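Here's the letter readout for the chains.
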Amino acid sequence: MAEEYTNILIVEDEKAHAEAISRAFSSSNFQVRIDQANTLRDYHQKVAANIPDVVVMDLNLSDGSALDVLDAGTAEGAYPILVMTAHGNEAMAVAAMKAGALDYVVKSAESFAAMPQIVQRVLREWRLVQEKKRAEQALVESERRLRLALEAAEQASCAKSEFLANMSHEIRTPLNGIFGLLQHLKSSPLAKDQAQSVDLALESGQKLLSILNDILDLSRIEAGCMDLSNTSFDPAKLVTQVCGIFHANAAAKNLVLLQEISPDLPPRVIGDEGRLRQVLFNLVGNAVKFTEQGEIILHVEALDDPKRLNGLRLEFTVQDTGIGIARDKFDAVFEPFYQVDGSNTRRYGGAGLGLGIVKRLVQLMRGDLRIESELDKGTLIHFAVEVERAGPDSDFEDIAAAEINLPVRPLKILLAEDDRINRFTLERMLAKQGHEVRAVTDGRKCLDLLRQDCFDVVFMDIQMPEMDGLEATRLTRILDDPQKSRIPIVALTAHAMKGDRERFLAAGMDDYISKPVHAEEIRRVLARFA
């Protein structure tokens, strides 16, 4: 293996000094190759031919000063320069260091003899400085790449959100037509087998909508596009409603479905009832689905959270005597799209999205979830979410809910909807409820008809040609006629993404219905304005 040498260039116009330095290196154990220059011109020629590892340079030379080299930045980043100065000229040496020299020595027999040790120290310091610079440059480059990656991620997230919004719109629009036509058909006189066919079609459509909602929910959660909607609700009533939904399914399999509600459960709490219902719906639905005999128990209790003012933790347990889950699958079952049995002969259907959404929704509600299970014996899933104790003022919501169930008087309704099938089904749905309907195909025609006639409510699609629903709403709110400018406007749209409802209400709309539209939802909204 060849020995490594350090290339040293001595720039000194006094021959005796240069020879003294060379002798010091020759008598040391420091493996070096010495080259010499006695003028700045000679120095430049030498470094152009071969870059040295270190330069030992006299401060004042016959054709210039070391400061000329340092000020020009010739050696910047390439090699260290050690400046030599005569006794009494230390001020100039300090100026040289400020200009870029790594160190200086005062010329003397002792300093010449110690030059090998001085140069070795200078090289160590130089290498440390260079390593620090490289680390700083790497950090700057890493920060630049991270910033670019974040910008790209934000752009991708925006693109993903836009794609999801468009997909939601494009899928929900035809679904609304299908549901509307089926509901219209169901309300017509039908033979028994025809009624069964309509019911099965509605059930299949509802399953398709459920899968669509699951996919959108999962995508929104992963994109950070889902917010919680905190309202006052009755947790005991929620548990009773969820169990009520599955009682018929459980009874069909001769299963016992029980609910256990702690007597200390507060009458009302503040939290996201809709997302909590979604979690319970998935868990109880899975329990019924994967249990062939025995029972399912849904238990709920509330515990005080001392860390938060009025804070509570709702603790839920869903326990079944079903097929169970192998211990090594506990984590996997909460991953999206995972199926414990993914074979073509599997007994239980599903897209594998439910539990993945459950876990993420529980985490979104600042909760935790754990699972206990044994194959062929059953499963227990426990989760807790954060809520707040509701005050007495929250009881007004029960009154509002009761008002929604009041009969709705016949209304004169203006419908703005560009899709032919949706327009047809909505007209029929509203007419079935006893309302008079005028329909137009875009926002501009809606405005024209509003100026010409009087209506009680406007159902306004968002995405329409000529003029969209948001612009039509904005222009409605500045009409000269105060009665017409304040007419209730309901967003009727296939958009169902984060912020849509808030965006529509901020634009001046009074309520929001997401497609596909159900007759009950229309009845609920109209009860507000009847």
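Residues numbered from 1 in each chain as written. Predicted model: local features only at pLDDT ≥ 70, side-chain atom pairs only at ≥ 80, totals over all residues. Heavy atoms only, no water.

1. What to know about a nonpolar patch on the surface
And then number 1: The grouping of Leu181, Ile421 and Phe424 at the surface amounts to a nonpolar patch, some 220 Å² of accessible area in total.
And then number 2: Counting through the fold element by element, Phe424 comes out in helix 12 (residues 420–432).
And then number 3: Given a relative accessible area of 33%, Phe424 falls into the partly exposed group. (Patch = residues over 30% accessible without salt bridge, like charges linked within 9 Å, V, L, I, M, F, W, Y side chains within 5 Å. Areas by Shrake-Rupley, 256 points an atom, 1.4 Å probe, with all protein chains shown as cover. Salt bridge = Lys/Arg side-chain N within 4 Å of Asp/Glu carboxyl O. Helix = DSSP H or I, 4+ residues; strand = E, 2+ residues; numbered from the N terminus. Buried < 20%, exposed > 50% of the residue type's maximum accessible area, 1.4 Å probe, protein only.)

2. Examining the sheet that holds strand 6 (residues 81–85)
And then number 1: Spatially, five strands are ordered 2-1-3-6-7 in an open sheet, and the strand pairing comes out parallel. Each edge of the open sheet is held by one strand with a lone partner, namely strand 2 (32–37) and strand 7 (103–106). Within the sheet, the average angular offset between the axes of one strand and its neighbour, ignoring direction, is 20 degrees.
And then number 2: Note: strand 1 (residues 6–11) against strand 3 (residues 54–58), four bridges, orientation parallel. By the bridge assignment, Val11 is partnered in strand 3 with Met57.
And then number 3: Against the sheet, helix 1 (residues 15–26) touches strand 1, strand 2 and strand 6, its axis set at about 175 degrees to strand 2.
And then number 4: On top of the sheet, helix 2 (residues 40–49) reaches strand 1, strand 2, strand 3 and strand 6; it is set at about 140 degrees to strand 2, its chief contact. (Pairing = 2+ DSSP bridges. Axes fitted to C-alpha atoms, helices over the stretch in contact; angles between N-to-C directions. Contact = heavy atoms within 4.5 Å.)

3. Regarding the confidence of the model for the chain
And then number 1: Scored by pLDDT, the chain comes out at a mean of 84, with 85% of its residues at no less than 70.
And then number 2: Counting contacts from residues 340–352, a segment whose pLDDT is below 50, to residues more than four positions away or on other chains yields 19 contacts.
And then number 3: Taken together, the stretch residues 395–404 has pLDDT below 50 and engages in seven contacts with residues farther than four places along the chain or on a different chain. (pLDDT = per-residue confidence, 0-100.)

4. With respect to the nonpolar core
And then number 1: Counting 40 residues, the largest nonpolar core has Leu276, Leu314, Phe316 and Phe383 as its most contacted members.
And then number 2: Elements represented by at least two residues in this core include exactly helix 8 (235–252), helix 9 (273–289), strand 11 (295–304), strand 12 (311–320), helix 10 (354–364) and strand 14 (378–389).
And then number 3: The element that contributes the greatest number of residues to this core is helix 9, accounting for seven residues.
And then number 4: Every residue in contact with Leu276, bar those within four places of it in the chain, is listed here: Phe233, Leu238, Leu314, Phe316, Met365, Phe383 and Val385.
And then number 5: Leu449, Met460, Ile487 and Ala491 belong to the second largest nonpolar core, which has 20 residues in total. (Core = buried A, V, L, I, M, F, W, Y, C linked by side-chain atoms within 4.5 Å.)

5. Observations concerning the pattern of salt bridges
And then number 1: For the structure shown, the criterion picks out 26 salt bridges.
And then number 2: Where Lys186 meets Asp199, a salt bridge forms, and the shortest distance between an N and an O atom there is 2.6 Å. Taken together, the positions of Lys186 in helix 6 (residues 115–186) and Asp199 in helix 7 (residues 192–222) put the pair 13 residues apart, joining distant regions of the chain.
And then number 3: Lys186 sits in the partly exposed class, given a relative accessible area of 45%.
And then number 4: Note on Asp199: relative accessible area 34%, which makes it partly exposed.
And then number 5: Close ionic contact of Arg308 with Asp305 constitutes a salt bridge, the shortest N to O distance being 3.0 Å.
And then number 6: Three or more residues are tied together by salt bridges with common partners; here these are Asp305, Arg308, Arg366 and Glu386.

6. What about a negative patch on the surface?
And then number 1: Taken together, the side chains of Asp13, Glu14, Asp63, Asp68 and Asp71 present a region of like negative charge at the surface.
And then number 2: Along the polypeptide, Asp71 turns up in helix 3 (residues 66–71).
And then number 3: A relative accessible area of 59% places Asp71 in the exposed class. (Lys, Arg positive; Asp, Glu negative; His and termini not counted. Charge placed at Lys NZ, Arg CZ, Asp CG, Glu CD.)

7. Topic: the packing of helix 13 (residues 443–452) against helix 14 (residues 469–476)
And then number 1: Where helix 13 contacts helix 14, the two axes come as close as 8 Å, and the packing angle between them is 25 degrees. In terms of their interaxial angle, helix 13 and helix 14 are classed as roughly parallel. The two elements helix 13 and helix 14 meet at a crossing, and its hand is right-handed. Counted together, Gly443, Leu447 and Leu450 of helix 13 and Ala472, Leu475 and Thr476 of helix 14 form the full contact between these two elements.
And then number 2: Residues belonging to the contact of helix 13 with helix 14 are distributed by class as follows: four nonpolar, two polar and no charged. (Parallel < 35°, antiparallel > 145°, perpendicular 65-115°, else oblique. Left-handed = near helix turned anticlockwise from the far one by under 90°. Nonpolar A, V, L, I, M, F, W, Y, C, P; charged D, E, K, R; others polar.)

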